[in-house]
Amino acid sequence: MSFGETPITLVGNLTDDPELKFTDGGAALAKFTVAVTPRTFDRTSNAWKDGTTAFYRCAAWRTLAEHIADSLKKGSRVVANGRMRQHDWTNEQGEKRSMLAVEIDDIGASVRFTTVTINAKRNGQNDPAGEDPWGTGNNSATGAADAEPPF
């Protein structure tokens, strides 16, 4: 992230399946919207109340874009980190327009209200069964530990 950029973390739900496109140069681009609804506890009614939902248009590039398209779908609850970007353009009527969007740097499924299963990938390939995706020297197929984990 460069100096002066506005970092943002979104916790919310995808409003639709991510849309995966490829540029003329072959770079993958995933576009999607995250709906974020704040909740507060109202002590007078002794109940949770939903606030106003905000919709954030998001984009991710390259391998991350492909992983998003393969992993997430409409309704998926996510935690996404990125930065706000302003896009300026002129429409067909010659009017200047602008919009804010979030360029996603990292995203994951939220496990607050559900469970997920992680399928480890390295270099774009699924890990063969029994290999340690963390590279710690442990081989789950044999149960052998060549070295202590690095953490």
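Before any of the text, the structure's been laid out above.
We now turn to the structure provided with this report. All figures in this text were calculated on a predicted structure; none of them were measured in a lab. (Residues numbered from 1 in each chain as written. Predicted model: local features only at pLDDT ≥ 70, side-chain atom pairs only at ≥ 80, totals over all residues. Heavy atoms only, no water.)

**Things to note about the overall build of the protein**
Then step 1. Helix and strand counts for the protein stand at one helix and 12 strands.
Then step 2. The secondary structure elements of the protein, listed N-terminal to C-terminal, are β-β-β-β-β-β-α-β-β-β-β-β-β.
Then step 3. Relative to its 151 residues, the protein shows a buried fraction of 23%.
Then step 4. Long-range pairs, those at least 24 residues apart, make up 52% of the contacts in the protein with a sequence separation of at least 6.
Then step 5. Split by element, the accessible area of the protein, about 11100 Å² in all, is 49% carbon and sulfur. (Helix = DSSP H or I, 4+ residues; strand = E, 2+ residues; numbered from the N terminus. Buried < 20%, exposed > 50% of the residue type's maximum accessible area, 1.4 Å probe, protein only. Contact = heavy atoms within 4.5 Å. Areas by Shrake-Rupley, 256 points an atom, 1.4 Å probe, with all protein chains shown as cover.)

**With respect to the pairing of strand E5 (residues 47–50)**
Then step 1. Pairing of strand E4 (residues 39–42) with E5, which is carried by four bridges, proceeds in the antiparallel orientation. Pairing of Phe41 across the sheet is with Trp48, part of E5.
Then step 2. Following E4, the chain reverses through four residues before pairing antiparallel with E5; Asn46 in that reversal takes a positive phi of roughly 55°. (Pairing = 2+ DSSP bridges.)

The values are spatial; any link to function lies outside them.
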